[in-house]
Amino acid sequence: MSVLGTHFLLHIISSTSLYWESAFSYQILTQMDMLKLLHGRVGELHSILSRSVQDLGADTVQIYAITNHTKVVYAIKCLKVAMLNVVPIVRAGDVGQGDHKQLINGRCRKLIGTFSTTDLRGCHITSLKSWLGISALAFTEEVESSPLYSESDMQNRGSSRRELVTCYAESPLSEVNEKAVTNPVHRVWVVNQEGLPVGLVSLTDVIRVIRHSLLSDSNDQ
């Protein structure tokens, strides 16, 4: 890659979001926009994107999760207490009753859904109150068909609930980038050969690795 091209990409990915002024408004450049830009430069970034997910340390011992019986009210509390944006929903029939009210280790448990702050976006407070007593899994299915959400709200949520986007520890970053851009989702679950979760790769992780590699190359020149 040319020095100019490297400096351009570094300028783009050095911030999680950028603003620019158009004739009538301000717009934001999101992480997804950055991934789409990088997706069109796969050839130039081959040496970076050919690295495996395992190189990111995405295979972790602890995966914060909720169960398929966790109610929305407790799911929201779990996100708030742990300062998380998303948790996987796992099938956990062998946990205690109290564990459905708190985060558990979801590693190597059956992955059946995802609950995130995005699911709550655009939800009227009165409607949310009526849903607090149902399971988070049922909630993600309810809101998909709810007339209380606009078409743009549903498009913004993408396929993160219904389609569980996954990869393997051996998968290259280019595959993660492809799946994130195509679906679109902001995170890809890392699973083992049995399809059980062992980690997570976010857009932030991918951008961080690319930025670090470009900075290293730039300093060597």
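These figures come from a predicted structure and were not determined experimentally.

Reading the values: the criteria
Residues numbered from 1 in each chain as written. Predicted model: local features only at pLDDT ≥ 70, side-chain atom pairs only at ≥ 80, totals over all residues. Heavy atoms only, no water. Core = buried A, V, L, I, M, F, W, Y, C linked by side-chain atoms within 4.5 Å. Buried < 20%, exposed > 50% of the residue type's maximum accessible area, 1.4 Å probe, protein only. Helix = DSSP H or I, 4+ residues; strand = E, 2+ residues; numbered from the N terminus. Pairing = 2+ DSSP bridges. Axes fitted to C-alpha atoms, helices over the stretch in contact; angles between N-to-C directions. Contact = heavy atoms within 4.5 Å.

Asks: Please explain the nonpolar core as it appears in this structure.
Replies: Nonpolar side chains tend to gather and get buried jointly when the protein is soluble and globular. Grouped together as the largest cluster of nonpolar side chains are 29 residues, with contacts concentrated most on Val53, Val176, Val190, Val201 and Ile210. Secondary structure elements with two or more residues in this core: helix H2 (31–39), helix H3 (46–49), helix H9 (173–182), strand E8 (187–191), strand E9 (197–202) and helix H10 (203–220). Looking at this core, the element that brings in the most residues is H10, giving six residues. Counting 16 residues, the second largest nonpolar core, distinct from the first, contains Ile66, Ile89, Ile112 and Ala136.

Asks: In this structure, what is going on with the pairing of E9? I would like to understand it.
Replies: For a regular strand, the rule is simple: side chains alternate between the two faces of the sheet. Counting buried positions along E9 gives five out of six residues, so the element sits mostly inside the fold. Direction of pairing for E8 relative to E9: antiparallel, over a ladder of five bridges. From the neighbouring strand, Arg187 faces E9, where its bridge partner is Ser202. Where E8 folds back on E9, the antiparallel hairpin that results is connected by five residues, among which Gly195 adopts a positive phi of roughly 80°.

Asks: Explain the sheet that holds E8 here, please?
Replies: Across a sheet, paired strands are connected by hydrogen bonds in the backbone, their directions being either parallel or antiparallel. Taken together, the three strands give an open sheet; going across it, the order is E7-E8-E9, and neighbouring strands pair in mixed fashion. In this open sheet, the two edge strands, each paired with only one partner strand, are strand E7 (166–168) and E9. Between one strand axis and the next, the sheet turns through 35° on average, direction left out of account. Its contacts with the sheet place H9 against E7, E8 and E9, and it is angled at close to 175° to E7.

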